[in-house]
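Fold and geometry: a report
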Amino acid sequence: MFEYIIVGSGFAGCVLAERLASEEHARVLLIEKRNHIGGNCYDHHDEHGLLVHKYGPHLFHTSNAEVFHYLSRFTSWIEYQHRVLAVVDGQKVPLPFNLNSLHRLFPRSMAESLEQKLIGHYGFDVKVPILELRKQEDAELKFLADFIYHKVFLNYTVKQWACSPEEIAPEVTARVPIFVSRDDRYFQDKYQVIPQHGYTRLFENLIDHPNIKLMLNTDRREILQIDPDSRQIRCFGQPFSGHLIYTGMIDELFDYRFGELPYRSLKFQFEHVNTDFFQEITTVNYPEEYDFTRITEFKHITGQPVPGTTIVREFPQDYDRLDSRRNIPYYPVFQEENLKRFQQYFEFAQKFPRLTLVGRLAEYRYFDMDDIVARALEVYRTQFGKGA
Ligand code: FAD
Ligand code: UDP
């Protein structure tokens, strides 16, 4: 009955469902184990009427015009430029750490001297990963690198990843570079927007097609089995002759045959506060104090004119698939050994001719929303589109 079964209704699953149904007129069964669509980008109104992001703050930013224009068919947008402050020595300074942060923390003459050194070495408007800055031989820059490393990166990274910045792939800390600039925005992408009616509405529009059948509250394991020997996929006990697109955890798909892949999980603590605003900006990071990493206040994103405000604190924690308090795999852990294990799974998956893996969990990658939309569009084009 279905030509495609897609597991997971996040961006990876929904974009592919939309493309296949709209462009190929294919019949698609979309399976989702949660009671809602949208994956980790899901948002909803809380009991106080505030639009909140259930699985952590999601800010859309991209320089990819194709992704932006594609999604614009399913939502209108509100312009929103994200800004973050980090608490350093009791002061709130712009993050990524930039020239303004420098001047906020050091006496004027010292800040000016450090600024000249940074511009002299790197130029203006340049982003320098902290692990690069730490390689500096210059005594002043070395001092600055050590300062930022210890005050902004070390403890935050230990909280987030349970290891030091050196023990995780350098791309992770490079996401928040030192920015030799006075631009206080968290991202510099061309398009910085949020869906006017929320992410969930965007997802509803994406899969609003008669050829897409959605099954919520359905774990793939209940209806789909994969036989590793015959390479056969069975659905409801019958051989499935169509194509399976899987966006969940790759180790789970293959019954952990090469061992478990590590993930980091998070606990979100939401709180409603009876004041107009809780903090001066959307997100404040706490690299040093507290067990949580950051506090986000949603009203700054949406601009909703409602009384009271809702905030969320993020507490990183170990992932454990057998413990319902910590069994959501938010982040793959980007360490060499884990990437090697992923590669084993990936090579094994290649043996299944009618199986495609897409997504943060299936590909064990750090995809932002625009990356995963771009990836799903590319997979569609190269594997399933008319020219494929
Ligand atoms: P997901 O959204 O995780 O979707 C996978 C879906 O598959 C889920 O709904 C899951 O329930 C379902 N599933 C899994 N296994 C099964 C199964 N066995 N059976 C049925 N269903 C299954 N990106 C940004 O661009 N900006 C941000 O500000 C941002 N903030 C983030 C904050 C946090 C805390 C996190 C964790 C991520 C953030 N991201 C952000 C990244 C963003 O969430 C991802 O890019 C996006 O969710 C990836 O989409 P996906 O479809 O690959 O995965
Ligand atoms: N990071 C940090 N201190 C901060 C912010 C970020 O050390 O105040 C590091 C940390 O290792 C984090 C990484 O930079 O995991 C990427 O941060 P980002 O804000 O991109 O994380 P995400 O939003 O993906 O959780």
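You'll find the structure just up there.
In this report, we go over the structure that sits alongside the text. Because the structure is predicted, anything quoted here is derived from the model rather than measured.

**Things to note about the nonpolar core**
Membership of the largest hydrophobic core comes to 121 residues, with the highest contact counts inside it found for Phe11, Ile148, Leu206 and Phe254. With nine residues, helix H6 (residues 139–161) is the single largest residue contributor to this core. Core analysis: the next-biggest nonpolar cluster, separate from the first, contains 10 residues, Val87, Ile281, Tyr286 and Ile311 among them.

**Quick notes on the site of ligand 2**
For ligand 2, the set of nearby residues contains 16 residues, the closest of which are Trp161, Arg175, Tyr186, Tyr331 and Tyr366. Separating an oxygen atom of ligand 2 from a side-chain N or O atom of Thr157 is a distance of 2.9 Å. At a separation of 2.5 Å, an oxygen atom of ligand 2 approaches a polar side-chain atom of Tyr366. With the chains in place, 95% of the 530 Å² that ligand 2 exposes on its own is no longer accessible. Of all elements in the fold, only H6 and helix H7 (170–174) reach the threshold of two or more residues within the shell around ligand 2. The element contributing the most residues to the shell around ligand 2 is H6, with six residues. Across the shell around ligand 2, the residue classes break down as 10 nonpolar, four polar and two charged.

**Brief notes about H6**
Each full turn of the α-helix corresponds to 3.6 residues, which orients residues three or four apart in the same direction. At His150, H6 shows its maximal kink, close to 45°. The N-capping residue of H6, defined by a side-chain oxygen 3.0 Å from the backbone nitrogen of Glu140, is Asp138. Directly after H6, the chain includes Ala162, whose backbone phi takes a positive value near 60°.

**With respect to the state of the cysteines**
Counted under the stated rule, the structure contains zero disulfides. In this structure Cys41 is not part of a disulfide, and its nearest cysteine sulfur, from Cys14, lies 9.7 Å away. Exposure remark for Cys41: the relative accessible area of 9% places this residue in the buried category. Cys14 provides the cysteine sulfur closest to Cys235, a residue in no disulfide bond, and the two sulfurs are 18 Å apart.

**Points about the environment of Ile78**
Relative to the helices and strands, Ile78 is located in strand S6 (residues 77–79). In this structure the C-alpha to C-alpha distance between Ile78 and Pro262, which are 184 residues apart in sequence, comes to 36 Å. Leaving out residues up to four positions away in the same chain, Ile78 has contacts with Gln192, Val193, Ile194 and Gln196.

**What about the pattern of salt bridges?**
Evaluation of the coordinates by the stated rule reveals 25 salt bridges. Here Asp138 makes a salt bridge to Lys117, at a shortest N to O gap of 3.1 Å. Placement of the pair is Asp138 in the loop between helix H5 (130–133) and H6 and Lys117 in helix H4 (residues 108–122), with a sequence separation of 21 residues. Arg321 serves as the salt-bridge partner of Glu260, at 3.0 Å between the closest nitrogen and oxygen. Here Glu260 is found in the loop between helix H10 (250–253) and strand S17 (263–273), whereas its partner Arg321 is found in the loop between strand S20 (309–318) and strand S21 (331–332), with 61 residues between them in sequence. Among the ionic contacts, a cluster of salt bridges with common partners joins Glu18, Arg19 and Glu23.

Rules used in this analysis
Residues numbered from 1 in each chain as written. Chains lettered and ligands numbered in written order. Predicted model: local features only at pLDDT ≥ 70, side-chain atom pairs only at ≥ 80, totals over all residues. Heavy atoms only, no water. Core = buried A, V, L, I, M, F, W, Y, C linked by side-chain atoms within 4.5 Å. Buried < 20%, exposed > 50% of the residue type's maximum accessible area, 1.4 Å probe, protein only. Helix = DSSP H or I, 4+ residues; strand = E, 2+ residues; numbered from the N terminus. Near = heavy atom within 4 Å. Polar contact = N/O pair within 3.5 Å; in protein donor to acceptor, adjacent residues only side chain to side chain. Areas by Shrake-Rupley, 256 points an atom, 1.4 Å probe, with all protein chains shown as cover. Nonpolar A, V, L, I, M, F, W, Y, C, P; charged D, E, K, R; others polar. Bend = angle between axes of the 7 residues up to and from the residue. Disulfide = S-S within 2.5 Å. Contact = heavy atoms within 4.5 Å. Salt bridge = Lys/Arg side-chain N within 4 Å of Asp/Glu carboxyl O.

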